[in-house]
Amino acid sequence: MLRPKEAQGQIPGQRFIDPEVLTRIDNLELVARSVVDGFISGLHQSPMLGMSVDFAEHRSYMPGDDVRRIDWRVFARTDRLYVKEFEADTNANLHLVLDISKSMDFGSAAATKLEYAKFLAASLAYVSKRQRDRIGLITFDSDIVEVIPPSIRHFNAVLHALDRLEAGGRSEYHGPLQRIGESLRRRSLVVLISDLYAPVEQLLPAIDQLRQRGNDLIVFHLLDPLELSLELGDVTSVEDLESGSRLPIAAAQLQQEYSQLVRAHQAELERRLGANRVDYIFTDTSQPLDSVLYRYLSDRERQSRTR
Amino acid sequence: MGLSWINPLYLAGLSLLALPILIHLVQRQQASGIKFPSLMFLRQIQWREKRRLEIRHWLLLLLRCLLLLLVVLAFARPFLSGESTPAMLDLERSDSVIVIDRSYSMRISDSWQQAQQIALQLVDEKQAQDRIGVVAFDDEAEVISDLTENAANLRTVIERQAPGLRTTRIRAALEQAARLLAGSNAQRKRILLVSDFQAAGIARGDLPLVSQDTEVVAHAVKLADSANTSISSVSVTPSAGDNNDEFTLSVELTNHSAKPMVQRLGLALDGRIFERRELNLPPGAVVTQTFSGLSPGAGLVRGVVSLDDDGLTLDNRAYFVYSNQQKMPLLIIEGSRPRSNQGVYLESALRLARDPAFRVERRSWNQLEPSELSSWAVIVIDDTTIPGGDIGNALRDFVAAGGGLLVTLGTAQQDSWLSTGDGFLPGKPQRPVDARSGTAFGIRALDADHPLAANRDSRTAPNLSTASIFSYRTLQPNAGDRVLAYYDDDGVALAERQLEQGKTLVLTTTLDPHWNDFALQPAFLPFLHRALRYLAGYDAYRREFEVGDIAYVMRYARAQAGSDAIVAGASAAPLIVEAPSTDIVRLQRQQALLPIDEPGFYQVHRATPADVEVVLAANIDPAEANPRTLDVARFVEEIMASAKPAPPVEILTRRQAADYEQQQQLWHLVLLAALVLLLLEALLANRVAVKRSARPGVKT
């Protein structure tokens, strides 16, 4: 069903799934599985932080608990059902923070940026689910739109929410991110997925809000290939997706200067976020998603070994 | 051979040609727009709008326009009309030109309001398809609206008009209207003349030429019997004798009304009331009042003669200037060793001159700087050799700039360069000729067509034949030079050369009795005065100008007191002229032509307005104040009687035109061409569409 695609020389020997194929799959879980299962077995150790098999405590069995986690020895001694809880179950909260402003609803490649972001979020959620992390989702545009608090049982709710997401209002970072940062009660892994259309000087303080309480922050910066190259052919005017304002342009003459500005913006973000110990992953939506994840998770694994 | 139309109204459909262009531009803007996530980076770039409105796919646009054009032409049903098929007569339309009088006599009472109302009513009465043009006139005719069907525009241009300050000249206006109608193919053509029909507006027998197919309809405004007296003339005369400081002012007043009037005549000099007189003016009376013993004081006096306000106030004021130094600067150049009494006759004659008087100076060449020449209006070179070099060039420049030069030939030899193409003498002076002993040459009459022979002061030319010429120097005139008088042996006596703005006269004998007895003859004085006045261009200017005149300021300045500085200044700076309405006009010295547009004093300054140099007095033409009117019906009859036959243009009726069109069936060809174009357009548009659809789309 899936047609693997040779990534364009990024990871030799690896075969990745073309985003176009992912767009044809209706089921987000299946997408996530297809993306993640393909490479996760190749990793020697789970890359997500908080993975642990250390015993934490017993608690009473509640209907719905996995029967395999019942401690039968305790049952034999006490005649009561207890389940074992491990450190890993309580350590890691994964907050997927997804920008759903109107500017994300653009795509010249197989998927729009929003679709790509959904696949990415679903895949990350799937990885976390495999690691038994708590998964939550927050979407925002100029305000917070939807919040699914992190829970081990919220994987399906997250997928469901992702599935019915639609791009809406205008982008704003400072207000929504500040409120999200304030709402994170315990140390979490926060993944921000956005196209980051704002000056660096405005973005950095906003993003920094998410690092409160020692949160670990990963920023996925998504851009469409056209947004990088401005190869618009004989287009003579552009209309802002969010504001609707029009601007006459001579695209061919502006390409070089435009690309330089975008690259500079991207480089500046990478440098400044890196300095703040924020993981910054620039993603071109024409790249295979599993390739991006593979690269990212490999990096994380390597870093975790050295941390 | 031309193209005519059965249904010309369809040609209005040509305005649809704008549609494809607009659609093309709008579509281009829409089709080539794209939604983009953010303009954040684009706004940082100095973008250019260069190609925004450029038209692309020229060929396609051209085809579409052409297609539309052909369809419209086919509907208009064209046919060829030429010598054998004449232009079509428009039976349904009438073309008229409203000719409206805006001379200053229309200011009397409510004449102008009446004229405007009549003109507006004529516009209102026109049928929708009728065309009307408008000509407004005073002493000039101006087309203020071409023939048009648009009544609103016509109303606007008529309402914008106002009576001016000029006189009436009906002939120019009617002929202008006739020219407007000359190209009309309407069945009915009319000239609608709206005026007060002043008798002064047309000279006897000076009837306008209109075509016989044009009807002239007169609409006279009703003149109220308003009491009007006017100042019909003002003349300033220097006092006789040696008392040149004083002058006499004569004012002529006319009572134009049919009842006796009591008027107060006032004279103000330099802004101060000098005298007031109360006068009883019988109906139609012309009264002359004289103010004598007036003194100009410091040199120049500005005078205003005024009457009390009446039916027409404009003609109740007259302006004049007078200067007791109003003498024409004249230089006599003699040899370094003149004959005894050589200049006595000349100087005596000049001293007696009154109009103008002369300020005479005598110098020899070595007492003269080239730059000084422009200080004089006229230079007389009295039998002395003209040097070359700087002085020679300066003399040439002096003449070219409008100066007058009188050269007398005698014993002194003249160089040949003076008469070459670059020189200023009308011919090459050669050897002297002596009459046989006991005889003398006579001078034949002056050229009758020359201004010297037909002077305004006397009906006859000075009789030069009484003079006995014993010797003269032969002169070989060049082509283009004019000989004004010959001796009776056919030798040239008097010749003239025009050099740019100035002129040179050469008398081939002396002005003193050395070679003739001319100086002793009665004709000597009038001839000399007339020649010098002519050389100075004195006849070309007056002390007073009338509105509508063009004053040559530099020439006028030469005759007025204190003007030498302007004349001699010859700097490149422009002259500053302050009009009576205090408007400032700047004039270049080389072309100091000042249009006189309003009555009052025009002040010519040299550099700054504080430094008043020359004053011109401007008045309105008093003839316009005369309310006597024409017999309108007779006037129209006379015009129509003298009308020229209409040009023999054969005109088609609509029926005949339809027959021609049926025979030619041009619209078939036009439609066929349109079909071919449609096919081409479809093919081309398809190709463009295919190309456009091949462009990668953007998903949003």
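Residues numbered from 1 in each chain as written. Chains lettered and ligands numbered in written order. Predicted model: local features only at pLDDT ≥ 70, side-chain atom pairs only at ≥ 80, totals over all residues. Heavy atoms only, no water.

*Asks:* When you look at the overall build of chain A in this model, what are you seeing that I'm missing?
*Replies:* Looking only at helices and strands, chain A has eleven helices and twelve strands in total. When burial is assessed residue by residue, chain A has 53% of its 307 residues classed as buried. Intrachain contacts of chain A at a sequence separation of at least 6 include 73% that bridge at least 24 residues. As presented, chain A carries roughly 14,100 Å² of accessible surface, and 46% of it is formed by carbon and sulfur atoms. (Helix = DSSP H or I, 4+ residues; strand = E, 2+ residues; numbered from the N terminus. Buried < 20%, exposed > 50% of the residue type's maximum accessible area, 1.4 Å probe, protein only. Contact = heavy atoms within 4.5 Å. Areas by Shrake-Rupley, 256 points an atom, 1.4 Å probe, with all protein chains shown as cover.)

*Asks:* For this particular structure, what's the right way to read the sheet that holds strand β10 (residues 237–240) of chain A?
*Replies:* Sheets are built from strands paired through backbone hydrogen bonds, the pairs being either parallel or antiparallel. The three strands lie next to each other as β11(A)-β10(A)-β2(B), forming an open sheet whose pairing is mixed. Of all the strands in the sheet, just β11 (246–248) of chain A together with β2 (33–36) of chain B have a single pairing partner and so form its edges. For this sheet, the mean angle separating the axes of adjacent strands, direction not counted, is 25 degrees. Taken together, the four bridges between β10(A) and β2(B) define a ladder with parallel strand orientation. By the bridge assignment for β2(B), A:E239 is matched with B:K35. (Pairing = 2+ DSSP bridges. Axes fitted to C-alpha atoms, helices over the stretch in contact; angles between N-to-C directions.)

*Asks:* Can you walk me through helix α5 (residues 113–130) of chain A in this structure?
*Replies:* For the α-helix, the turn length of 3.6 residues means that residues three or four positions removed from each other point alike. Residues and elements named next belong to chain A. Compared with the 26 Å implied by 1.5 Å per residue over 18 residues, the 26 Å span of α5 between its first and last C-alpha is a close match. The element α5 is largely enclosed, with a buried count of 15 among its 18 residues. A positive backbone phi angle near 65 degrees is found at R132, which sits one or two residues after α5. (Expected span 1.5 Å × (residues − 1).)

*Asks:* Mind showing me how you'd approach the nonpolar core here?
*Replies:* One recurring pattern in soluble globular proteins: nonpolar side chains tend to sit buried together. One finds A:L177, A:L192, A:L232, A:V238 and B:L42 to be the most contacted residues of the largest nonpolar core, which totals 47 residues. Ranked by residue count, the leading element in this core is helix α10 (residues 251–275) of chain A, at six residues. In this structure, B:A349, B:V378, B:A435 and B:L532 belong to the second largest nonpolar core, which totals 42 residues. (Core = buried A, V, L, I, M, F, W, Y, C linked by side-chain atoms within 4.5 Å.)

*Asks:* Looking at this structure, how should I read a nonpolar patch on the surface?
*Replies:* Together, B:V676, B:L679, B:L680 and B:L683 make up a nonpolar patch on the protein surface, roughly 400 Å² of accessible area in all. What makes B:L680 partly exposed here is its relative accessible area of 43%. (Patch = residues over 30% accessible without salt bridge, like charges linked within 9 Å, V, L, I, M, F, W, Y side chains within 5 Å. Salt bridge = Lys/Arg side-chain N within 4 Å of Asp/Glu carboxyl O.)

*Asks:* So what exactly am I meant to see when it comes to the confidence of the model for chain B here?
*Replies:* Note that predicted coordinates carrying low pLDDT should not be read in detail. Residues and elements named next belong to chain B. Confidence in the prediction for chain B averages 81 pLDDT; 83% of positions are at 70 or higher. Confidence over residues 48–53 falls short of pLDDT 50; this stretch has twelve contacts with residues more than four positions distant or in other chains. Throughout residues 561–570 the model reports pLDDT below 50, and contacts reaching past four residues in sequence, or to other chains, amount to 30 contacts. (pLDDT = per-residue confidence, 0-100.)

*Asks:* Sorry if this is basic, but what is going on with the pairing of strand β19 (residues 404–408) of chain B here?
*Replies:* Every regular strand shows the same layout, with side chains that alternate between the two sheet faces. Residue and element names in this part refer to chain B. Taking burial as the measure, the five residues of β19 include five buried ones, the bulk of the element. What you see with β19 is no split at all: G404, L406 and T408 on one side and L405 and V407 on the other are buried throughout. The pairing of strand β18 (residues 378–382) with β19 spans five bridges and is parallel. Along β19, the bridge assignment pairs V378 with G404. Between the parallel elements β18 and β19, the chain passes through helix α8 (residues 389–400) in a crossover that is right-handed. With five bridges connecting them, β19 and strand β24 (residues 502–507) associate as parallel partners. Looking at β24, one finds that G404 is bridged to K503. (Right-handed = clockwise from strand over helix to strand, strands pointing away.)

*Asks:* Is there a simple way to explain the side chain of B:D196 in this structure?
*Replies:* Residue and element names in this part refer to chain B. In this fold, D196 is placed in the loop between β7 (186–195) and β8 (214–220). R107 provides the closest opposite charge to the buried, salt-bridge-free D196, at an N-O distance of 11 Å. A distance of 3.4 Å separates a polar atom in the side chain of D196 from a polar atom in the side chain of S195. In this structure, D196 is in contact with D101, S105, M106, V221, L223 and T629, ignoring residues within four places of it in sequence. (Lys, Arg positive; Asp, Glu negative; His and termini not counted. Polar contact = N/O pair within 3.5 Å; in protein donor to acceptor, adjacent residues only side chain to side chain.)

*Asks:* Help me out: how do you make sense of the pattern of salt bridges in this one?
*Replies:* Side-chain pairing between opposite charges can occur once the charged atoms of the two side chains come close. Considering all chains together, one arrives at 35 salt bridges over all chains under this definition. A salt bridge links A:D105 to A:K102, with the nearest nitrogen and oxygen atoms 3.6 Å apart. Here A:K102 falls in the partly exposed class, since its relative accessible area comes to 27%. With a shortest N-O distance of 2.8 Å, B:E142 and B:R102 are connected by a salt bridge.

*Asks:* I tried to follow unusual backbone geometry on my own but got confused; where do I start?
*Replies:* Of all residues except glycine, most have a negative phi; of all peptide bonds, most are trans. All names here are of chain B. Positive phi, close to 50 degrees, is recorded for D270, a residue that is not glycine. Even without being glycine, D383 reaches a positive phi, approximately 50 degrees. Of the residues examined, D383 reaches a relative accessible area of 7% and is grouped as buried.

*Asks:* How should the packing of α5(A) against helix α6 (residues 155–163) of chain A be read in this particular structure?
*Replies:* A packed helix pair is summarised by two numbers, namely the angle formed by the two axes and the spacing between the axes. Residue and element names in this part refer to chain A. Running from N to C, α5 and α6 cross one another at 175 degrees; their axes reach a closest spacing of 10 Å. As judged from the angle between their axes, α5 and α6 are roughly antiparallel. Contacts between α5 and α6 pair K118, A121, A122, A125, Y126 and K129 from the former with F155, L159, L162 and D163 from the latter. Looking at the contact of α5 with α6 residue by residue, the classes come out as seven nonpolar, no polar and three charged. (Parallel < 35°, antiparallel > 145°, perpendicular 65-115°, else oblique. Nonpolar A, V, L, I, M, F, W, Y, C, P; charged D, E, K, R; others polar.)

*Asks:* Looking at this structure, I do not really get the packing of aromatic side chains. What am I missing?
*Replies:* In this description, an aromatic ring pair is defined by two values, namely the gap between the centres and the angle between the planes. In total, this model carries 17 aromatic pairs over all chains according to the counting rule given. With a centroid separation of 5.7 Å and 70 degrees between ring planes, the pair formed by A:F106 and B:F36 is classed as edge-to-face. Separated into two different chains, A:F106 in the loop between β5 (93–99) and α5 and B:F36 in strand β2 make up a pair that spans both. Residue classification places B:F36 among the buried positions, given a relative accessible area of 0%. Between the aromatic rings of A:Y126 and A:F155, the centroid separation amounts to 6.2 Å while the plane-to-plane angle is 50 degrees, which identifies the pairing as tilted. Taken as a pair, A:Y126 in helix α5 and A:F155 in helix α6 lie far apart in primary sequence, 29 residues in all. With respect to burial, A:Y126 and A:F155 carry one shared label: buried. One aromatic cluster is present, formed by A:F106, A:Y197, A:Y258, B:F36 and B:F41 through successive ring pairs. (Phe/Tyr/Trp six-rings, centres within 6.5 Å; stacked < 30°, edge-to-face > 60°.)

*Asks:* I tried to follow the sheet that holds strand β11 (residues 261–269) of chain B on my own but got confused; where do I start?
*Replies:* Residues and elements named next belong to chain B. Strand order across the open sheet formed by four strands is β12-β11-β14-β15, with antiparallel pairing between neighbours. The open sheet has two edge strands with one neighbour each: β12 (272–281) and β15 (317–323). Direction aside, the axes of adjacent strands within the sheet are offset by 15 degrees on average. Across four bridges, the pairing between β11 and strand β14 (residues 300–306) is antiparallel. If you follow G266 over to β14, its bridge partner there is S306.

*Asks:* Before we go on, may I ask you to explain the environment of B:D659 in this structure?
*Replies:* Mapped onto the elements, B:D659 comes out in helix α13 (residues 654–664). The spatial distance from the C-alpha of B:D659 to the C-alpha of B:F79 is 9.8 Å, given a sequence separation of 580 residues.

*Asks:* Please explain the environment of A:H154 as it appears in this structure.
*Replies:* All names here are of chain A. Inspection of the secondary structure puts H154 in the loop between β7 (144–151) and α6. Placed 19 residues apart in sequence, H154 and I135 show a C-alpha to C-alpha distance of 6.1 Å. If near-sequence neighbours (up to four positions away) are discounted, H154 is found in contact with I135, I148 and P149. A polar atom in the side chain of H154 sits 2.5 Å from the backbone oxygen of P149.

*Asks:* Looking at this model, I keep getting lost on helix α12 (residues 632–641) of chain B. Mind explaining?
*Replies:* Residue and element names in this part refer to chain B. Turning to α12, its buried residues number three or more, namely F635, V636 and I639. Each buried residue of α12 lies within a common arc of 95 degrees when the element is viewed along its axis, so the set occupies one face. Those residues of α12 that are exposed and angled more than 90 degrees off the buried face are A633, R634, E637 and A641. Buried residues in α12 make contact with α6 (170–182), β7 and β8. (Arc of directions from axis to C-beta.)

*Asks:* What am I meant to see in the pairing of strand β10 (residues 247–255) of chain B here?
*Replies:* Residue and element names in this part refer to chain B. Most of β10 is tucked away: eight of the nine residues are buried. Bridge count for strand β9 (residues 229–238) against β10 is nine bridges, and the pairing is antiparallel. Residue pairing for β10: S230 is matched across the bridge by T254. Two elements, β10 and strand β13 (residues 286–294), share seven bridges in a ladder whose sense is antiparallel.

*Asks:* How do you make sense of the packing of helix α7 (residues 344–351) of chain B against helix α9 (residues 524–535) of chain B when you look at a structure like this?
*Replies:* All names here are of chain B. In contact at an axis separation of 10 Å, α7 and α9 are set at 75 degrees when each is read in the N-to-C sense. Taken together, the axis directions place α7 and α9 in an arrangement best described as roughly perpendicular. Packed against α7, whose contacting residues are Y345, L346, A349 and L350, the element α9 presents F524, L525, L528, H529 and L532 at the interface. Considering only residue class, the contact of α7 with α9 consists of eight nonpolar, one polar and no charged.

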